[in-house]
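Spelled out from the first residue to the last, the chains are:
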Amino acid sequence: MSSFIKGVIGWQAAGPQPTGAETIQRLCDRVASSTLLEDRRDAVRALKSLSKKYRMEVGTQAMEHLVNILQTDRSDSEILGYALDTLYNIISNDEEEEQDENAQKQPDDVGAQFTEKFIQDPEHITLLLTLLEEFDFHVRWPGVKLLTALLKSQGVTLQGIILVSPMGVSRLMDLLADSREVIRNDGLLLLQQLTKGNAAIQKIVAFENAFERLLDIITEEGSSDGGIVVEDCLLLLLNLLKNNSSNQNFFKEGSYIQRMKPWFEVGDDNSGWSAQKVTNLHLMLQLVRVMVSPVNSPGATASCQKCMYQCGLLQQLCTILMATGVPADILTETINTVSEVIRGSQINQDYFASVNAPSNPPRPAIVVLLMSMVNERQPFVLRCAVLYCFQCFLYKNQKGQGEIVATLLPSTIDANSISAGQLLCGGLFSADSLSNWCAAVALAHALQDNLTQKEQLLRVQLATSLGKPPVSLLQQCTNILSQGDKIVRRGSKVQTRVGLLMLLCTWISNCPIAVTHFLHNQDNVPFLTAQISENLGEDERLVQGLCALLLGICIYYNDNSLENYTKEKLKQLIEKRIGKENFVEKLGFITKHELYSRAALKPQPVFPSPEQMLFDHEFTKLVKELEGVITKTIHKSSEEDQKEEEVKKTLENHDNIVTQYKDLIREQDTQIQELKEKVESMTTQNEQMTTTVTQQLSQIQQHKDQYNILKLRLGKESQSNNQGDAAQVNGLQTEELSQLREELEELHKQHTLLQTQLTDKDAQINTLKSAAQTAESPAAGSDNTELVQELEALKSQVQSQLAEISQLKTERQEMLRKAEAGSSDTVSASDSSIDATKMAELEKRLAVQTSETERLKEGRAELEQQLASATSTVAILQNEKAKLQTEVQESKKEQDDLLMLLADQDQKIYSLKQRLKDLGETTVTLSLQVEDDDDIDTRDQTTDDDEDEDED
């Protein structure tokens with residue numbers, strides 16, 4: 001490098017040494033005039049090497065040339081990297097980049113001057129954002145560092161330029177996806193600078209999926225056990241979420257709160273925490289607090305609190321709270337975080353009340369924390385955190401307030417266990433002034449805006465010493481302030497007295513019964529007037545102001561039940577012993593105190609030292625509320641008080657009347673609401689009924705139309721057929737009736753034919769019976785007889801069907817006659833309903849008749865089948881008859897043969913007779929034999945006659 005510089009500046013051994021400015025000038029000329037890329041690259045590399053030592057000279061002479069290099073030599077990543085590194089060296093003010101011993105001293109604002117010069121042209125920033133899209137490491141990494149340095153120096157201006165640059169934020173978000181960790185980590189630093197204090201950029205970064213990417217990186221790096229990268233991610237998350245309600249809502253809606261739970265999983269062995277883990281966990285707790293901070297909108301805070309309970313994050317934090325070995329600063333921050341997670345959330349407060357410490361026997365977490373608060377050996381910040389946790393537990397939690405006060409009541413005290421009330425009383429009267437103050441403020445929060453518990457606390461009795469009667473807690477507090485024993489010396493510290501006075505003011509405010517109890521002690525009012533009227537030092541002025549406030553509360557909330565301490569007498573006492581103006585001046589000491597304004601800023605008690613712990617945030621609200629009304633009350637005259645009392649009574653009466661009217665209005669509202677619901681219900685029913693009526697009217701109209709059509713059809717058919725046999729009966733068409741009648745007539749004909757056939761068959765069967773009894777089939781005769789009987793039954797059924805059809809025709813004619821008797825054009829709804837009923841009945845009966853007809857058709861088919869069977873039987877009989885005839889013919893033939901044989905025999909007999917005659921024999925025997933032969937001939941003749949009859 002030295003040889004190159006020597007060559008550039010034309011160094012000669014004998015000549016004078018060139019100055020740094022001259023060398024830089026020649027290098028700049030070389031960058032501007034060289035046509036070769038290698039020469040320009042070497043010159044820019046030389047400028048880079050000189051930029052730390054000669055920061056002012058390089059920045060003044062070379063910045064313009066370096067920007068030109070960025071614009072023109074985009075194709076060479078090496079020269080771009082040299083140029084970006086050079087710009088970074090002259091702009092950055094990083095302390096780690098220490099200069100060597102020979103380096104020149106540079107003014108502190110050099111980086112700011114060059115930054116301002118560089119960003120005068122917004123195109124330079126646009127060019128830089130374009131270069132960040134280059135994936136080459138030698139270009140992207142120097143570009144990230146340069147832009148980060150610019151943001152550190154001129155953050156607001158750079159944010160405006162990047163915000164209006166197209167896709168500017170998106171290009172920077174791409175750095176988180178870079179696989180090279182060094183670029184990703186420096187990208188985190190860049191985004192940290194970019195998102196500081198700019199809500200618009202914070203929203204854009206959040207909607208560029210930053211939460212998802214950052215949480216993924218935290219998980220990959222080991223969560224709380226991770227390194228510096230986890231810390232950078234958490235810092236960026238804090239930038240995005242703090243004081244940005246839009247991003248907080250997006251974080252909650254994206255279910256990212258659930259992903260925070262694994263961060264707080266702490267094992268049993270909590271020894272040896274690294275400093276980085278403590279830092280990471282501290283930032284994680286801060287991130288939780290950002291989501292539930294009291295400065296957020298109540299709705300958003302409540303939603304996040306509910307989500308943290310449901311996902312188990314609160315339970316995880318309480319586990320850390322009760323764990324052993326946790327570092328003190330982490331434990332303190334965890335207590336503060338739990339405080340804000342439960343503040344004002346009833347479900348979270350109830351859960352916290354149920355948490356027990358892992359001790360033997362188990363103790364409630366509240367009791368364990370209060371033990372730390374009243375223990376003077378505990379760190380101050382830890383005691384403040386416990387007080388804040390207790391305040392948040394009681395904030396808008398009347399149930400919790402009642403439970404705390406109940407531990408002080410005689411009926412609920414358990415001698416075998418330590419309760420929260422016992423710890424508070426112990427701290428209230430201990431020798432440690434900080435414990436006195438913390439216990440007094442904690443007990444005041446148990447009474448905040450809760451009249452019932454203020455009255456209940458009046459019942460608390462304390463045993464001060466043996467042999468003495470117990471005194472009330474209220475009396476003991478006033479004794480500490482007023483009596484002259486060692487309790488006064490112990491309570492003479494300003495912190496203790498301020499704590500007790502704040503407790504008494506909170507206790508008796510807006511509670512006339514407590515005011516009466518306080519005034520009932522004869523020493524209290526003289527003590528207060530003495531304190532207010534004295535001219536004490538600067539430290540005691542605050543006590544005087546609080547005493548004035550306490551006395552003013554006794555006047556403002558006085559119900560005049562004590563004759564010696566009515567409102568008027570107390571005002572006269574102030575006027576005589578103190579003076580109204582002096583009283584009001586002393587009352588004003590409270591709000592003029594410097595610590596009052598600090599306590600009024602936020603609920604969490606944060607004090608640099610225990611001595612400055614004097615005011616409570618909720619008490620500052622009470623002072624602000626009462627100071628004005630007490631001042632007005634003191635300045636009012638007796639006449640004005642009387643008028644005010646009269647006005648108050650009138651207002652009370654008016655309020656009573658208004659209350660009565662309000663109750664009446666509420667009752668009427670309830671009735672109106674019920675009537676509205678009834679009206680809505682009836683309206684719905686009316687709409688349904690209207691719909692039903694409309695449907696029914698439509699159906700009636702359809703029936704009317706059908707009726708008119710039937711009427712017209714019946715009229716036409718009655719003209720064409722006087723008997724009305726073909727009329728349509730409730731939907732049955734004329735063709736169907738005609739067809740049914742034809743079928744019945746056909747059945748009649750078939751029946752008649754069948755009877756004729758059966759008669760013929762019977763005759764034939766009877767003839768066959770006489771001829772061949774052995775061949776006759778009895779089953780055929782019985783089947784024919786049954787067939788005849790079924791046909792007779794079918795005849796009777798057909799006749800009954802005809803009778804019913806005739807009856808239906810008569811009823812239909814009767815309906816037509818009734819319809820014609822009414823209006824010819826319209827029919828009333830009731831008549832239509834009756835007609836519809838009649839028609840429905842007719843339809844039912846017609847359906848029955850139709851089914852009967854179908855059954856008759858089936859019977860007819862059966863009869864036809866039976867006739868076919870009978871016909872087959874007759875055929876069998878005919879076959880048998882033919883066989884018999886054949887046998888008869890054969891018998892006749894045999895008879896003829898026999899006759900021929902008989903004739904031959906007669907001839908032989910005759911010849912024998914003749915021979916006998918010729919021989920002279922008698923003829924008696926032969927005559928007998930002839931007679932026998934004649935009988936045979938006679939029998940043969942009879943058989944032949946019978947056969948002839950069978951053939952006929």
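Remember, predicted model here, so these are calculated numbers, not experimental data. (Residues numbered from 1 in each chain as written. Predicted model: local features only at pLDDT ≥ 70, side-chain atom pairs only at ≥ 80, totals over all residues. Heavy atoms only, no water.)

> Got a sec to walk through the overall build of the chain? Specific residues and values, please.
Regarding its fold elements, the chain presents 40 helices and four strands. Taking all 952 residues of the chain together, 42% fall into the buried category. If you take every contact in the chain between residues at least 6 apart in sequence, the share linking residues at least 24 apart comes to 71%. With an accessible surface of roughly 50,400 Å², the chain has 50% of that area assigned to carbon and sulfur atoms. (Helix = DSSP H or I, 4+ residues; strand = E, 2+ residues; numbered from the N terminus. Buried < 20%, exposed > 50% of the residue type's maximum accessible area, 1.4 Å probe, protein only. Contact = heavy atoms within 4.5 Å. Areas by Shrake-Rupley, 256 points an atom, 1.4 Å probe, with all protein chains shown as cover.)

> Residue-level account of the packing of aromatic side chains, with values.
Inspection of every chain in the model, using the stated rule, returns eleven aromatic pairs. Centroid distance Phe 207 to Phe 250: 4.6 Å. Interplanar angle 35°. Geometry classified as tilted. Placement of the pair is Phe 207 in helix H12 (residues 199–220) and Phe 250 in helix H14 (residues 245–253), with a sequence separation of 43 residues. Take Phe 207: its relative accessible area is 52%, and that puts it in the exposed class. With 6.0 Å between their ring centres and 55° between their planes, Phe 352 and Phe 393 make a pair best called tilted. (Phe/Tyr/Trp six-rings, centres within 6.5 Å; stacked < 30°, edge-to-face > 60°.)

> An account of the packing of helix H20 (residues 365–373) against helix H23 (residues 420–428) is needed here, citing residue identities and associated values.
Axis separation between H20 and H23 bottoms out at 9 Å; the angle between their running directions is 10°. Between H20 and H23, the interaxial angle falls into the category roughly parallel. Residues Val 367, Leu 370, Met 371 and Met 373 of H20 pack against Ala 420, Leu 423 and Leu 424 of H23. Residue classes in the contact of H20 with H23 are distributed as seven nonpolar, no polar and no charged. (Axes fitted to C-alpha atoms, helices over the stretch in contact; angles between N-to-C directions. Parallel < 35°, antiparallel > 145°, perpendicular 65-115°, else oblique. Nonpolar A, V, L, I, M, F, W, Y, C, P; charged D, E, K, R; others polar.)

> So what's going on with unusual backbone geometry? Which residues, and what values?
Even without a glycine there, the phi angle at Asp 449 is positive, about 55°. Relative to the assigned elements, Asp 449 resides in the loop between helix H24 (433–445) and helix H25 (451–457). For Asp 449, a relative accessible area of 67% gives the class exposed. For Asn 560, which is not glycine, the phi dihedral falls at a positive 60°. Inspection of the secondary structure puts Asn 560 in the loop between helix H31 (538–556) and helix H32 (567–577). Given the relative accessible area of 35%, Asn 560 is considered partly exposed.

> Can you break down the pattern of salt bridges residue by residue, with the values?
Side chains carrying opposite charge are able to pair once their charged atoms draw close together. Per the stated rule, a full pass over the model turns up 22 salt bridges. Salt-bridge contacts for Lys 252 lead to Glu 253; the nearest nitrogen and oxygen are separated by 2.8 Å. The exposure class assigned to Lys 252 is buried, which follows from its relative accessible area of 15%. (Salt bridge = Lys/Arg side-chain N within 4 Å of Asp/Glu carboxyl O.)

> Summarise the layout of surface pockets; cite the residues concerned and give the values.
Empty space within the largest pocket amounts to approximately 840 Å³. Around the largest pocket, the lining comprises 36 residues; the ones closest to its centre are Lys 242, Gln 286, Arg 289, Lys 602 and Gln 604. Mapped by element, the contributors of at least two residues to the lining of the largest pocket are H12, helix H13 (228–241), helix H15 (275–291), helix H18 (328–342) and helix H21 (380–394). Among the elements that line the lining of the largest pocket, the one with the most residues is H21, at five residues. Residue classes in the lining of the largest pocket are distributed as 16 nonpolar, 14 polar and six charged. (1 Å grid on protein atoms, 1.4 Å probe; cavity = no way out; pocket = protein on both sides within 12 Å on 5 of 7 lines; lining within 4 Å. Points joined across faces, edges and corners; volume = space filled by probe spheres on them.)

> Would you mind going over the packing of helix H5 (residues 77–91) against helix H8 (residues 137–153) in detail, with residue names and values included?
Viewed as axis vectors pointing N to C, H5 and H8 meet at an angle of 20°, and their least axial separation amounts to 8 Å. Between H5 and H8, the angle is such that the two are roughly parallel. Pair H5 / H8 crosses with left-handed handedness. Here Ser 77, Leu 80, Gly 81, Leu 84, Asp 85, Leu 87, Tyr 88 and Ile 91 of H5 lie close against H8, whose contacting residues are His 138, Val 139, Pro 142, Gly 143, Lys 145, Leu 146, Ala 149 and Leu 150. (Left-handed = near helix turned anticlockwise from the far one by under 90°.)

> Residues and numbers for the side chain of Arg 140, please.
In this fold, Arg 140 is placed in helix H8. Within the local environment of Arg 140, its side chain forms a polar contact with the side chain of Asp 178, the two groups lying 2.7 Å apart. Residues contacting Arg 140, with those up to four places away along its chain left out, are Leu 132, Glu 134, Phe 135, Asp 174, Leu 175, Asp 178, Arg 180 and Ile 183. (Polar contact = N/O pair within 3.5 Å; in protein donor to acceptor, adjacent residues only side chain to side chain.)

> Any details on H32? Residues and values, ideally.
Residues Lys 567, Leu 570, Lys 571 and Ile 574 constitute the buried set of H32. The buried residues of H32 occupy an angular sector of 100° when projected down its axis, which confines them to one face. When the buried face of H32 is taken as reference, the exposed residues oriented beyond 90 degrees from it are Lys 576 and Arg 577. Backbone geometry just downstream of H32 places Gly 579 in the positive-phi region, at approximately 95°. (Arc of directions from axis to C-beta.)

> Describe in detail a nonpolar patch on the surface, supporting the description with residues and values.
A cluster of nonpolar side chains, contributed by Ile 657, Tyr 661, Leu 664 and Ile 665, occupies part of the molecular surface with about 380 Å² of accessible area. Positionally, Ile 657 belongs in helix H36 (residues 638–720). (Patch = residues over 30% accessible without salt bridge, like charges linked within 9 Å, V, L, I, M, F, W, Y side chains within 5 Å.)

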